Number of protein chains: 2
Amino acid sequence: MIPRMTTKEIILEVAGDLFMDKGFQATSTREIAMKAGITQPNLYHHFKTKEDIYIAVLEKLSLEVREELNHLVTSTENGSLVERLQGILDYLKEKHPVNFFIMSHDMTHEISSDNHQHLYKIWQEAYLAPIIRLFDEYLSEDFPLSSNDLARYYYATIAPFIQKESGFYKQITSEQIIYLFVYGILDREN
Amino acid sequence: MIPRMTTKEIILEVAGDLFMDKGFQATSTREIAMKAGITQPNLYHHFKTKEDIYIAVLEKLSLEVREELNHLVTSTENGSLVERLQGILDYLKEKHPVNFFIMSHDMTHEISSDNHQHLYKIWQEAYLAPIIRLFDEYLSEDFPLSSNDLARYYYATIAPFIQKESGFYKQITSEQIIYLFVYGILDREN
DNA sequence: GTCTATACCCAGATAGAC
DNA sequence: GTCTATCTGGGTATAGAC
């Protein structure tokens, strides 16, 4: 099957890989154009600015992540928390190995404030909301943290594992990360 | 007491704040010079390149962190693991609120390979080694992860909390982070 | 819709006077 | 040791021909 993609789609795909791996600043329009097989000024026929490319990339990514995470959460209702969290982790690593902290940094520091609100909102809906719903199923009333905070904590712990060639987690498997996250490193003293 | 610092010391202090907050790329030599109260070319009297400034900053930071973390670990031998981990977290946030993932990214992607090995080594000695020694005291023989991996996992979980104005962890306190890290979110099924 | 040519800016770094 | 002036290169973005 021949992939008959439009130039605009190719740009989004190439730019997505670069932005999510290296970040907004470190990705040049020249590099995007080169990898897309076009000239650099041609980008500006399809998008008004570099920031507009970034926004389109994040919108497309968020849409996909939102749908898949929602599907994963609802379709595994009978599974254990450990299994479900690991399923999410494996999906993200496999399909969208983004550099989470660069993404977070870009959204708050590299993007104009006009677009910031919009991006933050769709990011929340895609990444945070499904995890929050998941935790709501398991946590007792008196748990000291909100599901929102816990979802953020979850992403912090898995972030180095998800991103490409991080090397930060050396030998850790996704099973081990989730086990640590859920049960910690010591038994509670009851 | 009047702080009688040399120009070189001022440069290192100013550059350290900027590099550890915004990263290598996003920090310009013009900004360093301006905040240090000198002209930009004057930087090049004291350091050969921008990268050399970065290296000097990380060497100084690592020395300080290494000594303080080693001191914290050895001087609290009678404390609980939770107390000791929290002491380390509070020290890092208070004294060296670095952006951990930017630092890690810079060391591996922005610095020439000649200096990379050197930086990674002193970073390990300063940040990783003391935590590894600490975990060695507590973990049973059959624990599935190495203390090295666990130390890295520790830094991943605390990283968003340490850095300035992250906003990623919204309401979480240092106590809660450490509690989550040590005991997880659910009881083990024994 | 894609190209060549180029404007414009900001970065790191150097030359040389004082 | 610090300055002014400047070089060189890379970045984003625009003009205009085809």
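Conventions adopted
Residues numbered from 1 in each chain as written. Chains lettered and ligands numbered in written order. Predicted model: local features only at pLDDT ≥ 70, side-chain atom pairs only at ≥ 80, totals over all residues. Heavy atoms only, no water. Helix = DSSP H or I, 4+ residues; strand = E, 2+ residues; numbered from the N terminus. Buried < 20%, exposed > 50% of the residue type's maximum accessible area, 1.4 Å probe, protein only. Contact = heavy atoms within 4.5 Å. Areas by Shrake-Rupley, 256 points an atom, 1.4 Å probe, with all protein chains shown as cover. Lys, Arg positive; Asp, Glu negative; His and termini not counted. Charge placed at Lys NZ, Arg CZ, Asp CG, Glu CD. Near = heavy atom within 4 Å. Polar contact = N/O pair within 3.5 Å; in protein donor to acceptor, adjacent residues only side chain to side chain. Nonpolar A, V, L, I, M, F, W, Y, C, P; charged D, E, K, R; others polar. Axes fitted to C-alpha atoms, helices over the stretch in contact; angles between N-to-C directions. Parallel < 35°, antiparallel > 145°, perpendicular 65-115°, else oblique. Left-handed = near helix turned anticlockwise from the far one by under 90°. Buried area = accessible area lost by both parts, 1.4 Å probe. Salt bridge = Lys/Arg side-chain N within 4 Å of Asp/Glu carboxyl O.

Q: What am I meant to see in the overall build of chain A here?
A: In terms of helices and strands, chain A carries nine helices and zero strands. Starting at the N terminus and walking to the C terminus, you meet the elements of chain A as α-α-α-α-α-α-α-α-α. In terms of overall dimensions, chain A has a C-alpha envelope of 65 × 35 × 30 Å along the principal axes. A total of 190 residues make up chain A; the buried ones form 49% of that total. For chain A, contacts bridging at least 24 residues in sequence account for 68% of all contacts bridging at least 6. When the accessible surface of chain A is totalled, it reaches about 9500 Å², and 49% of it is carbon and sulfur. Placing the 18 positive and 28 negative side-chain charges of chain A at their respective mean positions leaves the two points 8 Å apart.

Q: Even after reading the chapter, I still don't get the protein's contact with DNA strand D, so can you show me in this structure?
A: Around DNA strand D sit 16 residues, and of these Thr 29, Arg 30, Tyr 44 and Lys 50 of chain A together with Thr 39 of chain B come closest. Here the atoms of DNA strand D within 4 Å of the protein split so that 53% fall in sugar or phosphate, with bases taking the remainder. Residue Gln 40 of chain A places a side-chain N or O atom 3.0 Å away from a base nitrogen belonging to DNA strand D. His 46 of chain B places a polar side-chain atom, nitrogen or oxygen, 2.9 Å from a phosphate oxygen of DNA strand D. Every element with two or more residues in the surface near DNA strand D is listed here: α2 (29–36) of chain A together with α3 (43–46) of chain B. Its residues assigned to classes, the surface near DNA strand D comprises four nonpolar, ten polar and two charged.

Q: For this particular structure, what's the right way to read the protein's contact with DNA strand C?
A: Surveying the vicinity of DNA strand C reveals 16 residues, the closest of which are Thr 39 and His 46 of chain A together with Thr 29, Tyr 44 and Lys 50 of chain B. Near-protein atoms of DNA strand C (within 4 Å) split between backbone and bases, with sugar and phosphate holding 56%. A distance of 2.9 Å is found between a phosphate oxygen of DNA strand C and a side-chain nitrogen or oxygen belonging to Thr 7 of chain A. In this structure, a phosphate oxygen belonging to DNA strand C sits 2.6 Å away from a side-chain N or O atom of Thr 29 of chain B. Of the residues in the surface near DNA strand C, the class split is four nonpolar, ten polar and two charged.

Q: How do you make sense of the packing of helix α7 (residues 113–138) of chain B against helix α8 (residues 147–162) of chain B when you look at a structure like this?
A: The geometry of a pair of packed helices is captured by two quantities: the angle between their axes and the separation between those axes. All names here are of chain B. One can describe the packing of α7 onto α8 by two numbers: an axis separation of 9 Å at closest approach and a directional angle of 105°. The orientation of α7 relative to α8 falls into the category roughly perpendicular. On the side of α7, the interface is formed by Tyr 120, Gln 124, Tyr 127, Leu 128, Ile 131, Ile 132, Phe 135 and Asp 136, while α8 contributes Ser 147, Asn 148, Leu 150, Ala 151, Arg 152, Tyr 154 and Tyr 155. Grouping the constituent residues of the contact of α7 with α8 by class yields ten nonpolar, three polar and two charged.

Q: Is there a simple way to think about the environment of Lys 95 of chain B in this case?
A: Within the secondary structure layout, Lys 95 of chain B lies in helix α5 (residues 81–95). Distance in space between the C-alpha atoms of Lys 95 of chain B and Ile 162 of chain B is 9.7 Å, their sequence separation being 67 residues.

Q: Explanation requested: the packing of helix α4 (residues 50–75) of chain B against α7 of chain B in the structure shown.
A: All names here are of chain B. In contact at an axis separation of 10 Å, α4 and α7 are set at 15° when each is read in the N-to-C sense. By the angle class used here, α4 and α7 are roughly parallel. Considering the relative orientation of α4 and α7, their crossing is left-handed. Broken down by class, the residue content of the contact of α4 with α7 amounts to 14 nonpolar, five polar and six charged.

Q: Explain the interface of chain B and chain A here, please?
A: Quoted interface sizes are often the accessible area lost when the parts come together. Contact residues are listed per partner, giving 40 residues for chain B and 40 residues for chain A. Among the residues of chain B in contact with chain A, Phe 168, Ile 185 and Arg 188 of chain B are the three that bury the most area, contributing 19% of the side total. The interface formed by chain B and chain A contains zero salt bridges. Put simply, chain B and chain A have 14 residue pairs in polar contact (both at pLDDT 80 or more) between them. At the level of secondary structure, the elements contributing two or more residues to the side of chain B that touches chain A comprise α6 (100–110), α7, α8 and α9 (174–183) of chain B. Examining the composition of the side of chain B that touches chain A, we find that eight residues originate from one element, α8 of chain B, more than from any other. Per-class residue counts for the side of chain B that touches chain A are 26 nonpolar, eight polar and six charged.

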